[in-house]
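Observations on the three-dimensional arrangement
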Amino acid sequence: MVLGSVSAAVASHAFCPVVVTRTDTDQPDSTGPVVVGIDGSEISAKATDWAFAEASARNAELIAVHTWMDPQVQAAAAGIALTEDDWSQLEEQQNQTLAERLAGFASRYPDVSVTRHVTRDRAVRALVEQSQGAQLVVVGSHGRGGFAGMVLGSTSRALLQAAPCPVMVVRPEAHA
């Protein structure tokens, strides 16, 4: 396991964003982009805000990554074949969803250039691919199960292990 227990514990329990830089990653390219994973949740919106702020502070491009489940698997299970028009419509819906999730940030961060990346892929694979040469990748962490506030979700944990650059994990805020 590359990720140390202290790093995992801090990223799992912190009430503020945590940046983890593994010793086996290359020196981040100071001209590279900031990458953010966007899934539409409340914590994803917080991660997006942090990613915009980081991109602005670094004078960097922001790459917004949104992945979506492959509905063909669900359709095949139900015995329904999707047409090319169905695929096009689903892809357009996902592009529209990402545009809606980014709305408002452009006016708050007019200096940040945004590239949208929508793909039918697993989130970890897409984020690792898009973070090649990046300065930072930013994700929200939901946690999982009944201990959501105590553990990392699978995407954030996997990124801490696999990302080629530092990873910022944005957690839900502490409750009083």
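Before reading on, note that the structure itself is shown above.
Just so you know, these numbers come straight off a predicted model, no measurement behind them.

Focus: the overall build of the protein
When its secondary structure is counted, the protein shows 7 helices and 6 strands. Going from N to C terminus, the protein has its helices and strands arranged as α-β-β-α-β-α-α-α-β-α-β-α-β. Each of the 176 residues in the protein was classed as buried or not, and the buried ones make up 41%. Sequence separation of 24 or more characterises 76% of the internal contacts of the protein that already satisfy a separation of 6 or more. When the accessible surface of the protein is summed, it comes to about 9500 Å², and 52% of that surface belongs to carbon and sulfur atoms.

Some words on the packing of helix α6 (residues 123-130) against helix α7 (residues 154-162)
Their axes nearest at 10 Å, the elements α6 and α7 cross at an angle of 35 degrees. Handedness of the crossing formed by α6 with α7: right-handed. Taken together, the residues of α7 that come into contact with α6 (itself represented by Ala123, Val124, Leu127 and Val128) are Thr155, Ala158, Leu159 and Ala162. Grouping the amino acids of the contact of α6 with α7 by side-chain chemistry returns 7 nonpolar, 1 polar and no charged.

Some details on the pairing of strand β5 (residues 136-140)
With 5 of its 5 residues buried, β5 lies for the most part within the structure. Side chains Leu136, Val138 and Gly140 project from β5 onto one buried face, and the interleaved Val137 and Val139 project onto a second face that is buried too. Where strand β2 (residues 34-37) meets β5, 3 bridges bridge the pair, whose relative direction is parallel. Bridged to Val36 within β5 is Val138.

Some points on the packing of aromatic side chains
Scanning the entire structure with this criterion turns up 2 aromatic pairs. Relative to Phe105, the ring of Phe52 lies with its centre 5.0 Å away and its plane at 10 degrees, an arrangement referred to as stacked. Of the two residues, Phe52 is situated in helix α2 (residues 42-58) and Phe105 in helix α5 (residues 105-108); the sequence distance between them amounts to 53 residues. Given a relative accessible area of 9%, Phe105 falls into the buried group. Aromatic ring contacts, followed pair by pair, group Phe52, Phe105 and Tyr109 into a single cluster.

A short note on unusual backbone geometry
For Asn59, which is not glycine, the phi torsion reads 55 degrees and is therefore positive. Inspection of the secondary structure assignment puts Asn59 in the loop between α2 and β3 (62-67). By relative accessible area, Asn59 is classed as exposed at 68%.

Criteria and thresholds
Residues numbered from 1 in each chain as written. Predicted model: local features only at pLDDT ≥ 70, side-chain atom pairs only at ≥ 80, totals over all residues. Heavy atoms only, no water. Helix = DSSP H or I, 4+ residues; strand = E, 2+ residues; numbered from the N terminus. Buried < 20%, exposed > 50% of the residue type's maximum accessible area, 1.4 Å probe, protein only. Contact = heavy atoms within 4.5 Å. Areas by Shrake-Rupley, 256 points an atom, 1.4 Å probe, with all protein chains shown as cover. Axes fitted to C-alpha atoms, helices over the stretch in contact; angles between N-to-C directions. Left-handed = near helix turned anticlockwise from the far one by under 90°. Nonpolar A, V, L, I, M, F, W, Y, C, P; charged D, E, K, R; others polar. Pairing = 2+ DSSP bridges. Phe/Tyr/Trp six-rings, centres within 6.5 Å; stacked < 30°, edge-to-face > 60°.

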